[in-house]
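Listed here are the chains, written in short residue letters.
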Amino acid sequence: QVQLIESGGGLVQAGDSLRLSCTASGVTLKDYGMAWFRQAPGKEREFVAAISWDNGANKYYHDSVKGRYTISRDNAMNMVHLQMNSLKPEDTALYYCAGQFRYSVSTAESTYDNWGQGTQVTVSS
(Lines give C-alpha, C1' and ligand atoms only; values in the text may rest on other atoms or scores of the structure.)
Protein backbone atom coordinates (compact mmCIF):
# COMPACT_ATOMS: atom_id res chain seq x y z
CA GLN A 1 0.00 0.00 0.00
CA VAL A 2 1.11 3.51 -0.77
CA GLN A 3 1.80 5.89 2.11
CA LEU A 4 0.47 9.35 1.34
CA ILE A 5 1.51 12.31 3.45
CA GLU A 6 -0.40 15.60 3.56
CA SER A 7 0.96 18.94 4.69
CA GLY A 8 0.10 22.61 4.59
CA GLY A 9 -2.93 22.82 6.83
CA GLY A 10 -3.33 25.49 9.44
CA LEU A 11 -5.47 28.16 11.08
CA VAL A 12 -6.40 31.08 8.84
CA GLN A 13 -9.01 33.80 8.65
CA ALA A 14 -11.90 33.91 6.23
CA GLY A 15 -10.74 35.15 2.84
CA ASP A 16 -7.21 33.84 3.27
CA SER A 17 -5.48 31.19 1.18
CA LEU A 18 -3.71 27.93 1.91
CA ARG A 19 -1.93 25.40 -0.23
CA LEU A 20 -2.09 21.76 0.75
CA SER A 21 0.46 19.29 -0.51
CA CYS A 22 0.46 15.53 -0.80
CA THR A 23 3.52 13.43 -1.36
CA ALA A 24 4.47 9.76 -1.20
CA SER A 25 7.59 7.76 -0.65
CA GLY A 26 8.64 4.87 -2.81
CA VAL A 27 6.10 5.43 -5.57
CA THR A 28 5.61 7.83 -8.42
CA LEU A 29 2.47 9.89 -7.93
CA LYS A 30 2.37 10.54 -11.65
CA ASP A 31 1.04 6.98 -11.95
CA TYR A 32 -1.89 7.70 -9.66
CA GLY A 33 -5.17 9.47 -10.12
CA MET A 34 -5.33 11.70 -7.05
CA ALA A 35 -8.06 13.37 -5.07
CA TRP A 36 -8.72 15.47 -2.01
CA PHE A 37 -11.54 14.74 0.40
CA ARG A 38 -12.48 16.50 3.61
CA GLN A 39 -14.36 15.72 6.78
CA ALA A 40 -15.82 18.37 9.03
CA PRO A 41 -16.69 17.61 12.67
CA GLY A 42 -19.89 15.63 12.90
CA LYS A 43 -20.16 15.21 9.14
CA GLU A 44 -19.34 12.51 6.64
CA ARG A 45 -16.23 12.72 4.54
CA GLU A 46 -16.89 14.46 1.22
CA PHE A 47 -15.19 14.79 -2.13
CA VAL A 48 -13.37 18.05 -2.86
CA ALA A 49 -11.30 17.72 -6.04
CA ALA A 50 -9.66 15.11 -8.28
CA ILE A 51 -6.99 15.02 -10.96
CA SER A 52 -6.21 12.28 -13.45
CA TRP A 53 -2.96 10.34 -13.50
CA ASP A 54 -0.03 11.16 -15.78
CA ASN A 55 -0.33 14.74 -17.01
CA GLY A 56 -3.42 15.61 -14.99
CA ALA A 57 -5.42 16.58 -18.05
CA ASN A 58 -8.73 15.84 -16.34
CA LYS A 59 -9.83 17.65 -13.19
CA TYR A 60 -13.08 17.70 -11.30
CA TYR A 61 -14.32 19.79 -8.39
CA HIS A 62 -17.16 19.78 -5.91
CA ASP A 63 -19.53 22.62 -6.67
CA SER A 64 -18.82 24.25 -3.31
CA VAL A 65 -15.14 24.83 -4.17
CA LYS A 66 -15.31 25.57 -7.90
CA GLY A 67 -13.57 28.83 -8.70
CA ARG A 68 -11.83 28.90 -5.31
CA TYR A 69 -9.79 25.70 -5.23
CA THR A 70 -7.31 24.39 -7.78
CA ILE A 71 -5.85 20.90 -7.83
CA SER A 72 -2.55 20.38 -9.60
CA ARG A 73 0.34 17.99 -9.79
CA ASP A 74 4.06 18.62 -9.79
CA ASN A 75 5.43 15.39 -11.21
CA ALA A 76 9.03 16.55 -10.94
CA MET A 77 8.59 16.95 -7.18
CA ASN A 78 6.30 13.92 -6.86
CA MET A 79 3.60 16.04 -5.29
CA VAL A 80 -0.03 16.96 -5.69
CA HIS A 81 -1.31 20.31 -4.46
CA LEU A 82 -4.61 21.83 -3.52
CA GLN A 83 -4.57 25.62 -3.73
CA MET A 84 -7.41 27.00 -1.64
CA ASN A 85 -8.36 30.65 -2.03
CA SER A 86 -11.12 32.77 -0.53
CA LEU A 87 -11.47 30.35 2.34
CA LYS A 88 -14.71 30.28 4.31
CA PRO A 89 -15.47 29.02 7.81
CA GLU A 90 -17.43 26.17 6.24
CA ASP A 91 -14.22 24.95 4.63
CA THR A 92 -12.99 23.96 8.07
CA ALA A 93 -12.25 20.24 8.00
CA LEU A 94 -9.63 17.54 8.07
CA TYR A 95 -8.39 17.27 4.49
CA TYR A 96 -7.29 13.91 3.12
CA CYS A 97 -5.23 13.04 0.09
CA ALA A 98 -6.21 9.85 -1.77
CA GLY A 99 -4.80 7.99 -4.76
CA GLN A 100 -5.65 5.17 -7.13
CA PHE A 101 -3.25 3.60 -9.60
CA ARG A 102 -3.67 4.80 -13.19
CA TYR A 103 -7.10 6.25 -12.64
CA SER A 104 -8.75 9.26 -14.18
CA VAL A 105 -11.08 11.16 -11.89
CA SER A 106 -13.65 9.92 -9.43
CA THR A 107 -15.72 11.51 -6.69
CA ALA A 108 -16.28 8.21 -4.89
CA GLU A 109 -14.29 7.31 -1.80
CA SER A 110 -14.51 3.65 -2.72
CA THR A 111 -12.43 4.29 -5.84
CA TYR A 112 -9.31 5.10 -3.87
CA ASP A 113 -7.25 2.42 -2.15
CA ASN A 114 -4.59 4.73 -0.75
CA TRP A 115 -5.15 7.45 1.83
CA GLY A 116 -3.17 9.85 3.96
CA GLN A 117 -3.76 10.66 7.61
CA GLY A 118 -5.11 14.13 6.89
CA THR A 119 -4.14 17.73 7.55
CA GLN A 120 -6.35 20.09 9.53
CA VAL A 121 -7.66 23.28 7.98
CA THR A 122 -9.43 25.71 10.27
CA VAL A 123 -10.94 28.94 8.96
CA SER A 124 -12.06 31.53 11.48
CA SER A 125 -14.71 34.12 10.73
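Refer to the structure printed above.
What comes next is a walk through the structure.

## A word on the sheet that holds strand E1 (residues 4–7)
Strand pairing in a sheet is mediated by backbone hydrogen bonds. Such pairs are either parallel or antiparallel. Read from one edge to the other, the open sheet built from four strands follows the order E1-E3-E8-E7, with strand pairing classed as antiparallel. Whereas interior strands pair on both sides, the edge strands pair on one side only; in this sheet they are E1 and strand E7 (69–74). The mean angle between the axes of side-by-side strands here comes to 20°, regardless of whether they run parallel or antiparallel. As paired elements, strand E3 (residues 18–24) and strand E8 (residues 79–84) share six bridges and run antiparallel to each other. Each bridged residue has a counterpart across the sheet, and for Leu-20 the counterpart in E8 is Leu-82.

## A look at the environment of Asp-54
Position of Asp-54 relative to the elements: it lies in the loop between strand E5 (46–51) and strand E6 (59–61). Residue contacts for Asp-54: discarding those within four places in its chain leaves Lys-30, Arg-73 and Asn-75.

## Details of the state of the cysteines
All chains considered together, the criterion is met by one disulfide. Across the disulfide from Cys-22 sits Cys-97; the S-S distance is 1.9 Å. Because the torsion about its S-S bond is -75°, the bridge between Cys-22 and Cys-97 counts as left-handed. Placement of Cys-22 in strand E3 and of Cys-97 in strand E9 (residues 93–101) is noted, with a sequence separation of 75 residues between them.

## Some points on the nonpolar core
In terms of nonpolar packing, the biggest core is built from 28 residues, with Met-34, Trp-36, Leu-82, Met-84 and Tyr-95 touching the most fellow members. Looking at this core, the elements with two or more residues in it are E3, strand E4 (32–39), E5, E7, E8, E9 and strand E11 (119–124). In terms of residues, this core owes the most to one element, E3, which gives four residues. If we ignore the near neighbours within four places in the chain, the residues touching Leu-82 are Leu-18, Arg-19, Leu-20, Trp-36, Val-48, Ala-49, Tyr-69, Thr-70, Ile-71 and Tyr-95. Membership of the second largest hydrophobic core comes to six residues, among which are Ala-35, Phe-37, Ala-50 and Ala-98.

Quick notes on the rules
- Residues numbered from 1 in each chain as written.
- Predicted model: local features only at pLDDT ≥ 70, side-chain atom pairs only at ≥ 80, totals over all residues.
- Heavy atoms only, no water.
- Pairing = 2+ DSSP bridges.
- Helix = DSSP H or I, 4+ residues; strand = E, 2+ residues; numbered from the N terminus.
- Axes fitted to C-alpha atoms, helices over the stretch in contact; angles between N-to-C directions.
- Contact = heavy atoms within 4.5 Å.
- Disulfide = S-S within 2.5 Å.
- Core = buried A, V, L, I, M, F, W, Y, C linked by side-chain atoms within 4.5 Å.
- Buried < 20%, exposed > 50% of the residue type's maximum accessible area, 1.4 Å probe, protein only.

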